[in-house]
Amino acid sequence: MKIVVLAGGTSTERDVSLSSGCQIYKALKSKNHKAILLDIFLGFNGDVTNAFESDRDWAADIAPVKEKAPDLDELKALRKDDSKSLFGPNVLELCGQADIVFMALHGDSGENGKVQAAFDLFGIKYTGTDALSSAIAMDKSISKQLFRANGINTPDSILLTKKEDVVPHKLPCVVKICSGGSSVGVYIAKTQKEFDDAINQAFKYENKVLIEDYIKGREFTDGVIEGNPLPIVQIEPKEGFYDYKNKYQAGSTIETCPAKITKALEERIKSTAVSVYKTLGIKTYARVDFMVDENDKIFCLEANTLPGMTPTSLIPQEAAVLGKSFADLCEWIIEISLKKYM
């Protein structure tokens, strides 16, 4: 198959996306697919006539994920065409030539449904869920409303905008941007100063911020593919919480898959993950994140419609327990995604 692996973009998760894209590209090449890796924002300035036949290594310049999110102003200065479009040179043309686009985008460059909606209009096939469910899952405030309406437990929260006064909140608490990912813009505030600083920092990313009850307990995540849960991962950062650094720097977090928990808790987490998948209208696959408190009460944090596919990511670990290699997982995602178009 001719496959464009689409990554990069202009979100704070750009580096994570490029790392995911690099791994997916190499996996698909190992399966003899005619794959190319594109940065959706920077695009490709060469001849597109025979791009899928080229022996070019499209992943040669991809660097590992750094400890901090990228500087987006520096990135935007690299674009020479003065266009305000997210789609860089020749991106839409190459995607249109492909049998399918493998979506390796993360954050607001691809998980909020805008790219999916554009592809729908251009008749371009892509992996993952559709535009509407992408947009709903990306907005944590909307997701939480749907969780509560459908009996899915989630931490209590308050939504703020820049125009509203910050209200007092019991400490500790979690301050997070409404539509972020990879724990960028997420802060655990234990003191009033930390709370004030967290609010100020969060509003630098977005105009909508959630103040959420802090849940003391264990963290878990569970992938769902075609409505079926995968083995659960327990997440234990060696220091702090599961932030950007602990997610993407190897050795920073202990990840146990399958999680060593009781059968009863396992079944409840899996059942809740499937409920979240259905409640948000997700198609194909997703990953659902949870906290479980000291009384084994489950709290859903969010659903990720384009979960990471980096060397340290969780969905590949879950698939490996089922006997699927990373390359097998990539082909599995393509197979189920094509069913959207049948």
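Everything discussed here concerns the structure shown above.
Residues numbered from 1 in each chain as written. Predicted model: local features only at pLDDT ≥ 70, side-chain atom pairs only at ≥ 80, totals over all residues. Heavy atoms only, no water.

**Considerations on the overall build of the protein chain**
When helices and strands are counted, the protein chain shows 11 helices and 12 strands. Relative to the globule expectation of 20 Å for 342 residues, the C-alpha radius of gyration of the protein chain, 20 Å, shows essentially globular dimensions. Over its C-alpha atoms, taken along the principal directions, the protein chain stretches across nearly 60 × 45 × 35 Å. Burial analysis of the protein chain (342 residues in total) assigns 55% to the buried set. Of the contacts formed within the protein chain by residues at least 6 apart in sequence, a portion of 70% connects residues at least 24 apart. When the accessible surface of the protein chain is split by element, carbon and sulfur atoms take 49% of a total near 15400 Å². Once the 42 positive and 48 negative side-chain charges of the protein chain are each reduced to a mean point, those two points are 2 Å apart. (Helix = DSSP H or I, 4+ residues; strand = E, 2+ residues; numbered from the N terminus. Rg over C-alpha atoms; globule rule 2.2 N^0.38 Å. Buried < 20%, exposed > 50% of the residue type's maximum accessible area, 1.4 Å probe, protein only. Contact = heavy atoms within 4.5 Å. Areas by Shrake-Rupley, 256 points an atom, 1.4 Å probe, with all protein chains shown as cover. Lys, Arg positive; Asp, Glu negative; His and termini not counted. Charge placed at Lys NZ, Arg CZ, Asp CG, Glu CD.)

**Examining the packing of aromatic side chains**
With the rule as written, the count across this model stands at 4 aromatic pairs. On the basis of an interplanar angle of 55 degrees and a centroid distance of 5.0 Å, the ring pair of Phe-44 and Trp-58 is categorised as tilted. Within this pair, whereas Phe-44 is found in the loop between β2 (34-39) and α2 (72-76), its partner Trp-58 is found in the loop between β2 and α2, the two being separated by 14 residues in sequence. According to the relative accessible area criterion, Phe-44 is buried, its value standing at 12%. Assessed through its relative accessible area of 8%, Trp-58 is described here as buried. Ring centres 6.2 Å apart and planes at 45 degrees place the aromatic pair Phe-119 and Tyr-126 in the tilted group. Owing to a relative accessible area of 1%, Tyr-126 belongs among the buried residues under this scheme. (Phe/Tyr/Trp six-rings, centres within 6.5 Å; stacked < 30°, edge-to-face > 60°.)

**Let's talk about unusual backbone geometry**
Cis rather than trans, the peptide bond between Leu-171 and Pro-172 has omega equal to -5 degrees. Going from Cys-257 to Pro-258, the amide bond is cis rather than trans, its omega being 0 degrees. Of note, Pro-258 is situated in the loop between β10 (253-256) and α9 (263-279). With phi around 50 degrees, Glu-226 is a residue other than glycine that occupies positive phi space. By secondary structure assignment, the location of Glu-226 is in the loop between β8 (217-225) and β9 (228-237). On the accessibility criterion, Glu-226 (37% relative accessible area) is partly exposed. The phi torsion at Asp-296 lies on the positive side, around 65 degrees, for a residue other than glycine. Position of Asp-296 among the secondary structure elements: in the loop between β11 (285-293) and β12 (298-304).

**Digging into the packing of helix α1 (residues 14-30) against helix α11 (residues 326-338)**
Contact geometry for α1 and α11: axes closest at 9 Å, N-to-C directions at 90 degrees. As far as their axial angle goes, α11 and α1 are roughly perpendicular. Where α1 approaches α11, its residues Gln-23, Ile-24, Ala-27, Leu-28 and Ser-30 are matched on the opposing element by Phe-326, Ala-327, Cys-330 and Ile-334. Grouping the constituent residues of the contact of α1 with α11 by class yields 7 nonpolar, 2 polar and no charged. (Axes fitted to C-alpha atoms, helices over the stretch in contact; angles between N-to-C directions. Parallel < 35°, antiparallel > 145°, perpendicular 65-115°, else oblique. Nonpolar A, V, L, I, M, F, W, Y, C, P; charged D, E, K, R; others polar.)

Functional significance is not addressed by these values, which are geometric in nature.
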